[in-house]
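Survey of secondary and tertiary structure
As a plain string of letters, each chain reads:
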4 protein chains.
Amino acid sequence: MGYREDLLQEVPFPLETHDLAIDAHELAVQRTGGEIQGVSVVEERKEVAKITRIHVMNEHGAQAIGKPIGKYTTIESEGLKGQNRLVHDQLSEIFSEELAMMIDFDQIRPHPNMEPTIFVVGLGNWNATPDALGPQVLNHLMVTRHLYMEAPPELRKGLRPVCALAPGVLGLTGVQTAEIIKGVVEMVKPNLIIAIDSLAAHHTSRLANTIQISNTGIAPGSGIGKVRPAINQETMNIPVIAVGVPTVVHAITIVNDAMEEMLRGEIFSKVERERFRHVEESEKKRMMVNILGPFMGGLVVSPKGVDELIQDVSRIIAGGINIALHPDITPENISLYL
Amino acid sequence: MGYREDLLQEVPFPLETHDLAIDAHELAVQRTGGEIQGVSVVEERKEVAKITRIHVMNEHGAQAIGKPIGKYTTIESEGLKGQNRLVHDQLSEIFSEELAMMIDFDQIRPHPNMEPTIFVVGLGNWNATPDALGPQVLNHLMVTRHLYMEAPPELRKGLRPVCALAPGVLGLTGVQTAEIIKGVVEMVKPNLIIAIDSLAAHHTSRLANTIQISNTGIAPGSGIGKVRPAINQETMNIPVIAVGVPTVVHAITIVNDAMEEMLRGEIFSKVERERFRHVEESEKKRMMVNILGPFMGGLVVSPKGVDELIQDVSRIIAGGINIALHPDITPENISLYL
Amino acid sequence: MGYREDLLQEVPFPLETHDLAIDAHELAVQRTGGEIQGVSVVEERKEVAKITRIHVMNEHGAQAIGKPIGKYTTIESEGLKGQNRLVHDQLSEIFSEELAMMIDFDQIRPHPNMEPTIFVVGLGNWNATPDALGPQVLNHLMVTRHLYMEAPPELRKGLRPVCALAPGVLGLTGVQTAEIIKGVVEMVKPNLIIAIDSLAAHHTSRLANTIQISNTGIAPGSGIGKVRPAINQETMNIPVIAVGVPTVVHAITIVNDAMEEMLRGEIFSKVERERFRHVEESEKKRMMVNILGPFMGGLVVSPKGVDELIQDVSRIIAGGINIALHPDITPENISLYL
Amino acid sequence: MGYREDLLQEVPFPLETHDLAIDAHELAVQRTGGEIQGVSVVEERKEVAKITRIHVMNEHGAQAIGKPIGKYTTIESEGLKGQNRLVHDQLSEIFSEELAMMIDFDQIRPHPNMEPTIFVVGLGNWNATPDALGPQVLNHLMVTRHLYMEAPPELRKGLRPVCALAPGVLGLTGVQTAEIIKGVVEMVKPNLIIAIDSLAAHHTSRLANTIQISNTGIAPGSGIGKVRPAINQETMNIPVIAVGVPTVVHAITIVNDAMEEMLRGEIFSKVERERFRHVEESEKKRMMVNILGPFMGGLVVSPKGVDELIQDVSRIIAGGINIALHPDITPENISLYL
């Protein structure tokens, strides 16, 4: 049994289960049975998607839904996991609009007459399909910074300088992802970071049907295991926009759901449910082991067609970023650039 | 929503949950509380693996454990999912020995002075990682038939003619896999088929720790959905040896396990359990939907490192086949051939 | 040094250099200095491509240009190697029209009221990028035969039964590709074969700028090394349409071109050129070895971006086939099906 | 025609043709017809490889062979492109020994009682097979820094902290590779860089038969196109060891070789050769275009089996690095760690 074993604990995607702001808000509403002070919610329905813009305006709101102050937009669409390229193109456009709303280009401009440099970070592990969304987005991204710097003005026109990196995961690099990004930021001095990441959903219904955009960056919570340094304005000294898509669910989550489900409804009496609630953790752990066996936390649930799914979603997101960042690119002419 | 949607139902691996003979036998023993008539079981423990040779000798035995008459050997080893190349090499050798025991080369020889032609079939979908074991084995296989036919005797010596095919899955080809294989068999006239396939385990504890070899071929049972034609002596008119490794578990299976687990032990009284047993199917179905959402049967559970896992196991199996089929190849000199 | 070495001779794409009909015809015209009897040529220029339809009508024509009697259509477009998705879509449509012209659906119908079954064969080696065109086309193909047989009439409407196979190459399977296809044909009884293949061009100018469609099937000439059985009406007993795209040039070809080039123009006198023409083969061989070293015939020339190129072209061809085969699919709604 | 076109100029591997020190030295010897002052050369022959250690000791030597002052070791072996795993293991060991000779661990130790941190950089483009050597090496590398920092002493014992990064290429990131590495170096503060890269050979005979190790870093010379910032002690402020393997030859190189070859030997008289030597560049360019067509510099020559080749060589190099860096790892027990 080699050290490699230990590495292996890290190599695959160390995704914490991520509660989307939209779900956190819904739970809060259910608890408090009313609207949450300090949180504004705007919903918009489009033909192919439902858009929800949540603004956590103050500490009270942040406390209430357990999310940092900032903006969270979710785009929900069953079309994400469909095969219809027309729908995909529409989702690219919707995503580009919502992304653009999060960016104040004038504010991040280094000089009045200079375009800001955007640094797109594709987080995740290219060797683990459901975690490869970030790296794959980079394959379809228009990377222009080097052209922008070298090329004559006529080529610059209508483009913004965009650079990109897929830093890998701790198990592949031995370095905290935030450290790698910070290092590059200090060299390249970009004005904005857009970080794309796969998320572990807290429920299967979220798999591949939601894109979340937020301006609060990525703050790996105290999910499973060790806390990892955040990637946000505070740590990077520039705005950080996070784009996340739920692509897996941890098997543990599903087992929990199954047990909870059994305790709902009419099957068991309140008393019986209470009794289960009071079973010791050790006993619950034992049950988990019986169900999930030696792999335990190492098991993830994903749709059968996940390889194709990741490819489609990465194209949708890359296309949307390309449209949002480059003034001359429109949904009509983007194929001229791709 | 396109027709492609419908295809998608098929494209990913249509694995039925497969009960390994060793588990079927164990269950039978538990039921009957004793040894099963018509079934002989021999166990052997090696340093890195436990080998169990089950022989279903007659109809009574077949009835008792629900498996066709024939031989079933399982090699169990945690080393399969480890990273230790030395252990992998040992497993390759053990597998080659057990595989060789299933083959009577003299009996399948077309002529006394002619080596039999072996046709290795890599079943499964190369686009879905956990189902790609079969196709990946072919990447490491020594394919020699064309050389054997063209090459001078000195090259033939110590080799047997081996050919191979990865036929794909129904959703990729539109043709029943058995039909494709049958067609090639009629053209090539091999004397033996060895078919490698990924299996959906009935429990997570089986994931990537077992290789099953049997001489009963592959008879896709009435698992999920449509019955598919079998690949066995009866349909191919030549012996068919099946090699299977459990690489995924259906999410539905895990949810079932979780519910069953809750009903075990001390938490609920017999009465309460009985009550649950009598909940209607419709109600159980509704619970399933709540837990597994829109994907339902489309969700599979696999280890995070499954990509690497499939690569390692495919090398182990290909190496074992190479050693078993070619007289001049030994564990010591196999690297001369790989 | 292992047997595997010998296999390796075969494993990679055993492409013969393929003279496209359009080039063979041009040479013939240059030789004869006029039009060729028994060969009709129609050219059509479209916005993004030039189409040339060559019809070899009789033995005389066949002799003259060294191609079997039949129809040969080439679509030439620099857009093939470009990145413009709009142009790609136009090329898909053009290709689908030219492909459809080669197919007489009424004639191949098994019964007046039954649609013909089409068998799409993706030739080539998925492990060698420039030879992976055929197998990759299958990833984007609408495979419908299994649906067609199982599905209710309303799903059938507007579709034709299509099945597909990527048989691999001799070095991977040990079986002549034609044998595998023949075997499947005898089982599935399709009414038409469409075979897609990468070609080795006779000049770099042909790389990734031409699609050739012909109804003469694939008859691996006496190019490099062994003759391999043909895939055509004669061998398969059903019409065979071949689709080929030049994706590589053999290094040997380029060295020849370089030497020839030096002998053109003003640099050397006729006398000097003659002298070179009379250098013995052995001497030329020695020069080749000096230039190409130990790999010799094992070296191929391809564009740097060949991985991406093969992906794009495979989508163009798959899209065109989907449109050509299914009456209800049009360039406008194809994305509903992809 | 999109901007993406321009990117494409960059996306694929921007390899300059790299003269290995061993070849540069040989040429110098041929010119000067004797040994070169300021350059020491030691050759050693092993069963499977020939090792040449060149030491450029002073400016005179540097001038003479056109390489910076420093050490250059080449390991030449036809076994590199063979399939024999035993030979590969021997090459791994030889490479680890030669690599270790280049590293003075005591000198780079940050503190007497602290192991130095080594930063392994996998240069190149993972999307272009022949340029993917660097990134692929990382897949087989033991990355331990994060463990080293978190793990208890007993796990540390016998290991050194190793971190790794595959920075990509300018066309994929928009950032000079040296900038990315510099940024990470400033954050992580490693004590040594080992940079692995694919090289474009100046002759086919070098393809996949040589590993060069040097302590002069990587200084992208004035090969094709723009000069790119160097990765060496001077720019990184820590020692940089470069590991390079020739995996491609530019098509232009081969055409040149072909023309040169024709001018050698007896075919043409000195006079005729001279005449060719004086043909204007414009004329030579025209000839090039005739031969290489529109792709020109975009064409590369590689062995047919390059995909498999890159995999094998990356394992050999990764294995050698693992052995060289971790005291407790030996060729005998490395598989415990891989």
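This text gives an overview of the structure that appears in the document. (Residues numbered from 1 in each chain as written. Chains lettered and ligands numbered in written order. Predicted model: local features only at pLDDT ≥ 70, side-chain atom pairs only at ≥ 80, totals over all residues. Heavy atoms only, no water.)

1. Describing the overall build of chain A
Note the following rule: Elements are defined by DSSP. Helices are runs of H or I of four residues or more, strands are runs of E of two residues or more, and each kind is numbered from the N terminus. Values of the radius of gyration come from C-alpha atoms, whereas the globule rule sets the reference at 2.2 Å times the count of residues to the power 0.38. The buried label goes to any residue with under 20% of its type's maximum accessible area, the exposed label to any with over 50%, and the partly exposed label to all in between, with areas taken from a 1.4 Å probe on protein chains only.
Along the backbone of chain A there are 16 helices and 9 strands. Taken against the 2.2 N^0.38 rule, which gives 20 Å for 338 residues, the C-alpha radius of gyration of chain A at 21 Å falls within 12% of a compact globule. In terms of its C-alpha atoms, chain A occupies a principal-axis envelope of roughly 75 × 55 × 40 Å. Relative to its full complement of 338 residues, chain A shows a buried share of 64%.

2. Here we look at the interface of chain D and chain C
Interfaces are often sized by the amount of accessible area the parts lose when they come together. Where we set the bar: In this description, contact between two residues means that some pair of their heavy atoms is separated by no more than 4.5 Å. In this description, buried area is defined as the sum, over both parts, of the accessible area (probe of 1.4 Å) that is lost when the two are combined. Throughout this description, the term salt bridge denotes a Lys or Arg side-chain nitrogen within 4 Å of a carboxyl oxygen of Asp or Glu. Under the rule applied, a polar contact is a pair of N or O atoms within 3.5 Å (in protein, one hydrogen donor and one hydrogen acceptor; residues adjacent in sequence only if both atoms are side-chain atoms). Any residue outside Ala, Val, Leu, Ile, Met, Phe, Trp, Tyr, Cys, Pro, Asp, Glu, Lys and Arg is labelled polar, Gly included; the first ten of those are nonpolar and the last four are charged. Note: two strands are recorded as paired if DSSP finds a minimum of 2 bridges between them.
If you look at the interface, chain D gives 54 residues, while chain C gives 54 residues. Both faces considered, chain D and chain C share a buried interface measuring about 4700 Å² in area, 65% of it formed by carbon and sulfur atoms. The largest per-residue losses of area from chain D upon contact with chain C belong to Met 262, Ile 267 and Lys 304 of chain D, which jointly make up 16% of the total buried on that side. Remark: the boundary between chain D and chain C carries 2 salt bridges. Across the pair Arg 286 of chain D and Glu 261 of chain C runs a salt bridge, and its minimum N-O distance is 3.8 Å. Along the contact surface separating chain D from chain C lie 16 residue pairs in polar contact (both at pLDDT 80 or more). In terms of residues, the side of chain D that touches chain C owes the most to one element, helix α12 (residues 251–263) of chain D, which gives 9 residues. For the side of chain D that touches chain C, the per-class residue count stands at 26 nonpolar, 16 polar and 12 charged. Note that strand β9 (residues 299–303) of chain C and strand β9 (residues 299–303) of chain D share 5 bridges and pair antiparallel. For Pro 303 of chain C, the partnering residue across the bridge sits in β9 of chain D and is Leu 299 of chain D.

3. Brief notes about the packing of aromatic side chains
Two descriptors summarise a pair of aromatic rings, namely the distance from one centre to the other and the angle between the planes of the rings. Applied cut-off: Only Phe, Tyr and Trp rings take part, Trp by its six-membered ring, and two of them pair if their centres are within 6.5 Å. Stacked means planes under 30 degrees apart, edge-to-face means over 60, and tilted covers everything else. Consider the ring centre and the ring normal. A charge sits over the ring if Lys NZ or Arg CZ is within 6 Å of that centre and within 35 degrees of that normal.
For the structure shown, the criterion picks out 2 aromatic pairs over all chains. Between the aromatic rings of Trp 126 of chain A and Trp 126 of chain D, the centroid separation amounts to 6.4 Å while the plane-to-plane angle is 10 degrees, which identifies the pairing as stacked. Here Trp 126 of chain A, found in the loop between β4 (118–122) and α6 (133–139), pairs with Trp 126 of chain D, found in the loop between β4 (118–122) and α6 (133–139), and the two come from separate chains. Taking the relative accessible area as the measure of exposure, Trp 126 of chain D reaches 36% and is therefore partly exposed. Looking at Arg 160 of chain A, its charged tip hangs above the ring of Phe 105 of chain A, at a distance of 3.7 Å from the centre.

4. Digging into the interface of chain A and chain B
Counting residues at the interface gives 54 residues for chain A, matched by 55 residues for chain B. When the area that chain A buries against chain B is broken down by residue, the three leading residues are Met 262, Ile 267 and Lys 304 of chain A, summing to 17%. Our enumeration of links across chain A and chain B arrives at 2 salt bridges. Our count for the contact surface shared by chain A and chain B stands at 16 residue pairs in polar contact (both at pLDDT 80 or more). Counting only elements with at least two residues in the side of chain A that touches chain B, the list comes to α1 (3–10), α12 (251–263), α13 (270–277), α14 (281–292), β9 (299–303) and α15 (306–325) of chain A. Grouping the constituent residues of the side of chain A that touches chain B by class yields 26 nonpolar, 16 polar and 12 charged.

5. Looking at helix α2 (residues 21–32) of chain D
Residue and element names in this part refer to chain D. For clarity, the threshold we go by: What a helix is expected to span follows from its residue count: subtract one and scale by 1.5 Å.
Taking 1.5 Å per residue, 12 residues should reach 16 Å; α2 reaches 16 Å between its end C-alpha atoms and fits that length. Taken together, the buried positions of α2 are Ala 21, Ile 22, Asp 23, Ala 24, His 25 and Ala 28. Buried residues along α2 sit against β1 (39–45), β2 (50–56), α3 (59–65), β3 (70–76) and β7 (210–214). Gly 33 occupies a position one or two residues after α2 and carries a positive phi of about 65 degrees.

6. What to know about the packing of helix α10 (residues 177–188) of chain B against helix α10 (residues 177–188) of chain C
Let me state the cut-off plainly: In this description, a line fitted to the C-alpha atoms serves as the axis of each element, helices being fitted only across the stretch in contact, and the angle between N-to-C directions of two axes falls anywhere from 0 to 180 degrees. Under this scheme an angle from 65 to 115 degrees is roughly perpendicular, one under 35 degrees roughly parallel, and one over 145 degrees roughly antiparallel; angles in between are oblique. By definition, turning the near helix anticlockwise from the far helix through less than a right angle yields a left-handed crossing, and turning it clockwise yields a right-handed one.
Packing of α10 of chain B against α10 of chain C brings their axes to within 7 Å, and their N-to-C directions diverge by 120 degrees. What the angle tells us is that α10 of chain B and α10 of chain C run oblique. Every pair of crossing elements has a handedness; the one defined by α10 of chain B and α10 of chain C is right-handed. Taken together, the residues of α10 of chain C that come into contact with α10 of chain B (itself represented by Glu 179, Ile 180, Lys 182, Gly 183, Val 184 and Met 187 of chain B) are Glu 179, Ile 180, Lys 182, Gly 183, Val 184 and Met 187 of chain C.

7. Points about the relation of the copies chain D and chain C
Quick reminder of the rule: Least squares is the method for superposing the copies, and the C-alpha atoms it fits come from residues with pLDDT of at least 70 in both.
Superposition record for chain D on chain C: RMSD 0.0 Å, screw rotation 180 degrees, translation along axis 0.0 Å. The relationship between the two copies is best expressed as a two-fold rotation axis. When each C-alpha of chain D is compared by its distance to the rotation axis, Val 301 of chain D comes out closest, at 2.2 Å. Interface overlap between copies is the fraction of interface residues in one copy that are interface residues in the other; for chain D against chain C it reaches 100%, indicating a shared surface.

8. A word on the pairing of strand β7 (residues 210–214) of chain B
Look at any regular strand and the pattern is simple: side chains alternate between the two faces of the sheet. Residue and element names in this part refer to chain B. Where burial is concerned, most of β7 is hidden: 5 out of the 5 residues are buried. Both faces of β7 are covered, namely the face carrying Thr 210, Gln 212 and Ser 214 and the face carrying Ile 211 and Ile 213. Here strand β3 (residues 70–76) runs beside β7; their pairing, made up of 5 bridges, is antiparallel. Across the sheet, Ile 75 pairs through a bridge with Ile 211, a residue of β7. Judged from the 3 bridges that link them, β7 and strand β8 (residues 240–250) form a sheet pairing that is antiparallel. Its bridge partner lying in β8, Ile 213 is registered against Val 243.

9. Some details on the packing of helix α12 (residues 251–263) of chain C against helix α14 (residues 281–292) of chain D
The contact between α12 of chain C and α14 of chain D brings their axes to 9 Å, and the two run at 140 degrees. As for how α12 of chain C packs across α14 of chain D, the hand of that crossing is right-handed. Side by side, α12 of chain C and α14 of chain D meet where Ile 254, Asp 257, Ala 258, Glu 261 and Met 262 of chain C of the first sit next to Arg 286, Met 287, Asn 290, Ile 291 and Leu 292 of chain D of the second. Residues of the contact of α12 of chain C with α14 of chain D, tallied by class, amount to 6 nonpolar, 1 polar and 3 charged.

10. Regarding the environment of Pro 112 of chain C
Residue and element names in this part refer to chain C. Assignment of secondary structure puts Pro 112 in the loop between α5 (105–108) and β4 (118–122). Pro 112 gets classed as exposed once you look at its relative accessible area, which sits at 79%. Here the alpha-carbon distance between Pro 112 and Glu 280, two residues 168 residues apart in the chain, equals 62 Å.

11. As for the relation of the copies chain A and chain B
Mapping chain A onto chain B calls for a rotation angle of 180 degrees and an axial translation of 0.0 Å; the resulting RMSD is 0.1 Å. Comparing contact sets, 100% of the residues at the interface of chain A also lie at the interface in chain B, consistent with an isologous, same-surface contact.

12. So, the side chain of Asp 307 of chain A
Checked against the element boundaries, Asp 307 of chain A lands in helix α15. For Asp 307 of chain A, the side chain forms a polar contact with the side chain of Thr 129 of chain B, separated by 3.4 Å. Each residue touching Asp 307 of chain A, except ones within four places of it in the same chain, is listed here: Thr 129 of chain A together with Asn 127, Ala 128 and Thr 129 of chain B.

13. Some words on unusual backbone geometry
Trans is the prevailing form of peptide bonds, just as negative phi is the prevailing case for residues other than glycine. Despite not being glycine, Asn 237 of chain A has its phi angle at roughly 65 degrees, a positive value. One can find Asn 237 of chain A in the loop between α11 (233–236) and β8 (240–250).

14. Looking at the environment of Ser 77 of chain D
Residues and elements named next belong to chain D. With respect to the helices and strands, the residue Ser 77 is situated in the loop between β3 and α4 (85–102). Measuring from C-alpha to C-alpha, the distance between Ser 77 and Thr 253 comes to 23 Å, with 176 residues separating the pair along the chain. Setting aside residues no more than four positions away along its own chain, Ser 77 makes contact with Val 48, Ala 49, Leu 91, Ala 208 and Asn 209. In this structure the side chain of Ser 77 is engaged in a polar contact, spanning 2.7 Å, whose partner is the backbone oxygen of Val 48.

15. Remarks on the pairing of β9 of chain D
Residue and element names in this part refer to chain D. Counting buried positions along β9 yields 5 of 5 residues, so the element is predominantly enclosed. Burial along β9 is two-sided: Leu 299, Val 301 and Pro 303 facing one way and Val 300 and Ser 302 facing the other are all buried. Two strands pair when backbone bridges link them, and strand β8 (residues 240–250) and β9 are joined in this way by 2 bridges, in the antiparallel orientation. In the sheet register, His 250 faces β9, and the bridge partner there is Val 300.

16. With respect to the nonpolar core
Rules: Residue types Ala, Val, Leu, Ile, Met, Phe, Trp, Tyr and Cys, when buried and joined through side-chain atoms within 4.5 Å, form a set referred to as a nonpolar core.
Core analysis: the biggest nonpolar cluster contains 46 residues, and Phe 276 and Leu 292 of chain A together with Phe 276 and Leu 292 of chain B have the highest contact counts within it. Secondary structure elements with two or more residues in this core: α12, α14 and β9 of chain A together with α12 (251–263), α14 (281–292) and β9 (299–303) of chain B. Leu 292 of chain B has contacts with Thr 204 and Ile 254 of chain A together with Ala 251, Ile 252, Val 255 and Leu 299 of chain B, leaving out every residue within four places of it along the chain. Counting residues in each nonpolar core, the second largest holds 44 residues, with Ala 251, Leu 263 and Phe 268 of chain C together with Met 262 of chain D among its members.

17. Some thoughts on the pattern of salt bridges
Side-chain pairs of opposite charge can arise whenever the charged atoms involved come near each other. A complete count under the given rule lists 72 salt bridges over all chains for this structure. Close ionic contact of Arg 109 of chain C with Asp 106 of chain C constitutes a salt bridge, the shortest N to O distance being 2.4 Å. Its salt-bridge partner being Lys 182 of chain D, residue Glu 186 of chain D comes within 3.6 Å of it at the nearest N-O pair. Taken together, the positions of Glu 186 of chain D and Lys 182 of chain D, both in helix α10 (residues 177–188) and 4 residues apart, correspond to about one turn of that helix. With relative accessibility at 42%, the residue Glu 186 of chain D sits in the partly exposed group. Its relative accessible area of 15% is what places Lys 182 of chain D among the buried residues. Look at the salt bridges and you will find they share partners, linking Asp 23, Glu 43, Lys 50, Glu 76 and Arg 206 of chain A into a network.

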